[in-house]
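Remarks on the overall topology
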Amino acid sequence: MGENLTELLEPLASQFRALNLPEALTHWGHPFFMSIVMFAMGGYGAYAGWKGRILTATDPKTAIESKSEHRKIMPAMFAFMAFGATGGVLSLVIQKHAVMSSPHFLTATLLLTFLTINSLISFTGFGGNKPELRKVHAYFGSGILVLMVVHAMMGLRLGLSI
């Protein structure tokens, strides 16, 4: 399957190679930009979600504002993560490295899958505003952030090995 993906992306990768971009850009561009998405957007989005959750009983107005921020930033983070994964795969093809052969690819797949599941929990209105599903969403989302850190470490390891 990885070979098929490489064959599919090779025409585009060869066009990028022809641009003679600096090696540092093709090698470290994906991790640089994705770390911003994961840690700045993901970190702030998680903070806003938890702040809204914690302040619901004591400061409803601030809680509503925080939950609103969470709802604004997390879909954008998800979109950037999906596009970033595509860019990461293309970067590997440009560098003529096996696409699906690393733990980083596995953690990326898990992240996108888990983010999709957590998004679906939210998009269902938490199953009719069920407190249990809100709790699952919050804790599952926090677990996803931990996986993001593991993913970043796997990516650094991959980047240093190429």
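Computed from a predicted model, the values in this text were never measured in an experiment.

1. So, the pattern of salt bridges
Summed over the entire model, instances satisfying the criterion amount to two salt bridges. When the shortest N-O distance is used, the salt bridge between E69 and K72 registers 3.8 Å. Residue E69 and its partner K72 are both found in helix α3 (residues 60-94); the two are separated by three residues, about one turn of the helix. Given a relative accessible area of 31%, E69 falls into the partly exposed group.

2. Details of the confidence of the model for the protein chain
It should be kept in mind that the predicted coordinates are not to be read in detail where pLDDT is low. Across the protein chain, the average pLDDT comes to 93, with 99% of residues at or above 70. Per-element confidence in the protein chain ranges from a low mean pLDDT of 90 for helix α1 (residues 2-18) to a high of 96 for helix α4 (residues 103-123).

3. Observations concerning the packing of helix α2 (residues 23-55) against helix α6 (residues 131-161)
Direction vectors running N to C along α2 and α6 enclose 160°, while the axes themselves pass 11 Å from each other. Judged by the inter-axis angle, α2 sits roughly antiparallel to α6. Regarding α2 and α6, the two cross each other, and that crossing is left-handed. Residue composition of the contact of α2 with α6, by class: 13 nonpolar, six polar and three charged.

4. Some points on the environment of M77
Mapped onto the fold, M77 is located in helix α3. A residue is classified by how much of its surface remains accessible, and M77, at 1% relative accessible area, is buried. Sequence separation between M77 and M38 is 39 residues; the distance between their C-alpha atoms is 7.4 Å. Among residues more than four places away in sequence, those in contact with M77 are V37, M41, G42, L115 and M148.

5. Section: the environment of F39
In this structure, F39 sits in helix α2. Excluding anything up to four places from it in sequence, F39 contacts Y44, V149 and A152.

6. Digging into the nonpolar core
In terms of nonpolar packing, the biggest core is built from 13 residues, with M77, M81, L111, L115 and M148 touching the most fellow members. Mapped by element, the contributors of at least two residues to this core are α2, α3, α4 and α6. With seven residues, the next largest nonpolar core counts A13, V89, L90 and V99 among its residues.

Criteria and cut-off values
- Residues numbered from 1 in each chain as written.
- Predicted model: local features only at pLDDT ≥ 70, side-chain atom pairs only at ≥ 80, totals over all residues.
- Heavy atoms only, no water.
- Salt bridge = Lys/Arg side-chain N within 4 Å of Asp/Glu carboxyl O.
- Helix = DSSP H or I, 4+ residues; strand = E, 2+ residues; numbered from the N terminus.
- Buried < 20%, exposed > 50% of the residue type's maximum accessible area, 1.4 Å probe, protein only.
- pLDDT = per-residue confidence, 0-100.
- Axes fitted to C-alpha atoms, helices over the stretch in contact; angles between N-to-C directions.
- Parallel < 35°, antiparallel > 145°, perpendicular 65-115°, else oblique.
- Left-handed = near helix turned anticlockwise from the far one by under 90°.
- Nonpolar A, V, L, I, M, F, W, Y, C, P; charged D, E, K, R; others polar.
- Contact = heavy atoms within 4.5 Å.
- Core = buried A, V, L, I, M, F, W, Y, C linked by side-chain atoms within 4.5 Å.

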